[in-house]
Amino acid sequence: MVEPASLDAQLIDAAAAQGDTPAAGRVFLDSAGSSLPPSAVVDAVVGHLRREAEIGGYRAAAERRDDLEAGYGLLADFLGCAPDEVAFTDSATRSWLSLLDAIPLGPGDRVLTTEAEYGGNAIPLLRVADQAGFSVEPVPSGPDGSIDLDALRGALDERVRLVSLVHVPTNGGLVNPVAEVAAAAHGVGALVLLDACQSFGQLPLSLAGTGVDMITATGRKWLRGPRGTGVLAVRRDVLARLRPRLVDLRGAVWTGLREVELRADARVLELWEHSVADRLGLLAAVRYASDLGVDRIAASVGDRAARLRAGLAEVPGVTVRDIGAQRCGLVSFTVDGRSAEHVRDALADRDVTVTVSSLPSTRYDMTRRALPQVVRASPHYFVSHAQIDTAVGAVADL
């Protein structure tokens, strides 16, 4: 256990972080949606757009060719893998769809998900299942809300080709046990696709350390990068098992009139066209988070979230809806007699930013818990304790 004095030394000073985040003077509790980028990210994006306006997009990109190439090593260090195992995309959804399309799945195959599966993953997965003839089966949650590992082991057999695992669900503070799921799935030869949208930039994340085969994530949430950016990582030995179909001249070379040659690395899943400015902004966000240290970020976010949960739990008529033995920076709650939208809008009137997570975003879990919607608050390290207390007071005033 970390002693209090030691913990305080690990935490990021909110006032210092706010110096790099001009809009953080307001109570911003939506980093699980789209966080506030630090000034270094804004400068990288805007600066390159200005350069494009001066000399054109191609020449401006050529000036930054070395920086863009070095970005693969930077991202690989952040994700605990090799540079040839990572790729850049325009969103986590693009990353997830590209990988799903490349995984050979057909009649009789089985895909297991958790009850925390995200709607953006479930919809394409169910659509492809209807067309290709495989089944999609949610594994029950355990008593604490995380995936039931015994139920998972009981569901696994040689027909399971893929386990789709959400690291941190969109509607609460749960952190799923990734390494344990990966070990069980690999026992029957199944691949594990980890949706790390809500953990990338918030929690330590390693392709090698988790044991998963593939990771997808976005830049706009906890990493504090630009919107329209995403990443993926694929273990080198897994790349040979994939069958990418929707590739362009970034992922393959047109070698003959009827022949193409695919790249042998993860960049086979990239598209040629992308926003150079946004990618430079994403790399700036990776450097910013790396300089702070992901362990310190995780401790600081956990500290803010714990204070918020504790404060909300003391407010009459408020129910904290978080689940899981291990929790992180997402805090979900409901207010008696108030819709989640009403709470969100009323708090916005007080300069407190939260959002709403509703049934279609995570239907398995919300149906299981009979919750049509929850208010979701997600404080980052740039949110001070005083701002957390202000948010609790604003909820209490409702």
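Use the structure listed above.
Rules behind the numbers
Every chain is numbered on its own, with residues counted from 1 as its sequence reads. Two thresholds apply to this predicted model, a pLDDT of at least 70 for residue-level local features and 80 or more for giving and counting side-chain atom pairs, whereas whole-chain, interface and lining totals are computed over all residues. The basis for the side-chain values is all heavy atoms of the structure; hydrogens and waters are excluded. Only centres within 6.5 Å qualify two rings of Phe, Tyr or Trp (six-membered ring in Trp) as a pair; their planes then separate them into stacked at under 30 degrees, edge-to-face at over 60, and tilted for everything else. Secondary structure is summarised from DSSP: a helix means a run of H or I of at least four residues, a strand means a run of E of at least two, and numbering begins at the N terminus for each. Only protein chains enter the accessibility calculation, which uses a 1.4 Å probe. A residue is then buried if its area is under 20% of the maximum for its type, exposed if over 50%, and partly exposed in between. In this analysis a 1.4 Å probe is tested at points of a 1 Å grid over the protein atoms alone, and where it fits but cannot get out there is a cavity; an open set with protein on both sides within 12 Å along at least five of seven lines is a pocket; lining residues have an atom within 4 Å of a point. Grid points are joined across faces, edges and corners, and a volume is the space filled by probe spheres set on the points. Here the term charged refers only to Asp, Glu, Lys and Arg, the term nonpolar to Ala, Val, Leu, Ile, Met, Phe, Trp, Tyr, Cys and Pro, and the term polar to all other amino acids, Gly among them. Two strands qualify as a pair provided that DSSP identifies no fewer than 2 bridges between them. For helices, the fitted line uses only the C-alpha atoms of the stretch in contact; every axis is such a line through C-alpha atoms, and the angle between N-to-C directions lies from 0 to 180 degrees. Crossovers are marked right-handed if the path from the first strand over the helix to the second runs clockwise, as seen with the strands pointing away from the viewer. Here, nonpolar core refers to any group of buried Ala, Val, Leu, Ile, Met, Phe, Trp, Tyr and Cys residues whose side-chain atoms link them within 4.5 Å. Whether two residues are in contact is decided by their heavy atoms: any pair within 4.5 Å suffices. Multiplying 1.5 Å by the residue count of a helix minus one yields the expected span of that helix. Two N or O atoms count as a polar contact when they lie within 3.5 Å, although within protein this holds only if one can serve as hydrogen donor and the other as acceptor, and sequence-adjacent residues are included solely when both atoms are side-chain atoms.

Caption draft 1: Focus on the packing of aromatic side chains. Counted under the stated rule, the structure contains 5 aromatic pairs. Plain terms: the ring middles of Phe78 and Phe200 are 5.6 Å apart, the flat faces sit at 85° to each other, and that makes the pair edge-to-face. Here Phe78, found in helix 6 (residues 65-79), pairs with Phe200, found in the loop between strand 6 (191-195) and helix 11 (207-210); they are 122 residues apart in sequence, far enough to count as distant. As far as burial versus exposure is concerned, Phe78 and Phe200 are alike and both buried.

Caption draft 2: The arrangement of the layout of surface pockets in detail. Estimates place the volume of the largest pocket at around 520 Å³. Residue lining of the largest pocket: 17 residues in total, with Ala61, Leu68, Trp272, His274 and Val276 positioned closest to the centre. At the level of elements, helix 5 (57-63), helix 6 and helix 13 (276-292) are the ones that each hand at least two residues to the lining of the largest pocket. Its residues placed into classes, the lining of the largest pocket shows 7 nonpolar, 3 polar and 7 charged.

Caption draft 3: Summary view of unusual backbone geometry. Non-glycine residue Asp351 carries a positive phi angle of around 60°. For Asp351, the location among the structural elements is in the loop between helix 15 (340-348) and strand 13 (352-353). Take Asp351: its relative accessible area is 39%, and that puts it in the partly exposed class.

Caption draft 4: Summary view of the sheet that holds strand 12 (residues 331-335). Across the sheet, which stays open at both edges, the 4 strands sit in the order 11-12-15-14 with antiparallel pairing between neighbours. Across the chains shown, the open sheet's two edge strands, defined by having one partner strand only, are strand 11 (318-320) and strand 14 (355-358). In this sheet, adjacent strand axes meet at a mean angle of 40° when their direction is disregarded. In this sheet, strand 15 (residues 373-377) lies alongside strand 14 in antiparallel orientation, the contact comprising 4 bridges. Residue Thr355 lies in a different strand from strand 15, and its bridge partner there is Arg376.

Caption draft 5: Region of interest: the sheet that holds strand 6. Judged by pairing direction, the sheet is mixed, and its 7 strands sit side by side in the order 2-8-7-6-5-3-4 without closing on themselves. With one partner strand each, in any of the chains shown, strand 2 (86-89) and strand 4 (135-139) form the two edges of the open sheet. Strand-to-strand twist of the sheet, defined as the mean angle between neighbouring strand axes without regard to direction, takes the value 20°. Pairing between strand 2 and strand 8 (residues 230-234): 4 bridges, direction antiparallel. What sits directly across from Thr89, in strand 8, is Gly230.

Caption draft 6: Local environment of the pairing of strand 4. Here strand 3 (residues 110-114) runs beside strand 4; their pairing, made up of 5 bridges, is parallel. Pairing of Thr113 across the sheet is with Pro138, part of strand 4.

Caption draft 7: How the structure looks around the pairing of strand 5 (residues 160-166). Of all the 7 residues making up strand 5, 6 are buried; the element is thus mostly covered by neighbouring parts of the structure. The sheet contact formed by strand 3 and strand 5 spans 4 bridges and is parallel. For Val111, the partnering residue across the bridge sits in strand 5 and is Leu162. Here strand 5 pairs with strand 6 via 5 bridges, running parallel. Paired with Leu162 across the two strands is Leu191, which belongs to strand 6. The parallel pair strand 5 and strand 6 is bridged by helix 10 (residues 178-186), and the resulting crossover is right-handed.

Caption draft 8: Structural context of the nonpolar core. Membership of the largest hydrophobic core comes to 86 residues, with the highest contact counts inside it found for Leu29, Phe200 and Phe333. With residues up to four places along the chain from it excluded, the contact list for Phe200 reads Leu75, Phe78, Leu79, Leu205, Ala217, Thr218, Trp222, Leu223 and Val231. In terms of nonpolar packing, the next biggest core, distinct from the first, is built from 24 residues, Ala87, Leu100, Val111 and Leu125 among them.

Caption draft 9: Up close: helix 8 (residues 119-132). A rise of 1.5 Å per residue sets the reference length of helix 8, with its 14 residues, at 20 Å; its end C-alpha atoms lie 20 Å apart and thus fit the reference within 8%. Burial in helix 8 covers these residues: Gly119, Asn121, Ala122, Pro124, Leu125 and Ala129. The inward-facing, buried residues of helix 8 abut helix 7 (92-102), strand 3, strand 4, strand 5 and strand 6. Where helix 8 ends, the next residue or the one after it, Gly133, has phi of about 90°, a positive value.

Caption draft 10: Molecular detail of the side chain of Thr334. Tracing the chain through its elements places Thr334 in strand 12. Reaching out from Thr334, the side chain makes a polar contact with the side chain of Arg321 at a distance of 3.1 Å. Excluding residues within four positions of it along the chain, Thr334 makes contact with Gly317, Val318, Thr319, Arg321, Gln373 and Val374.

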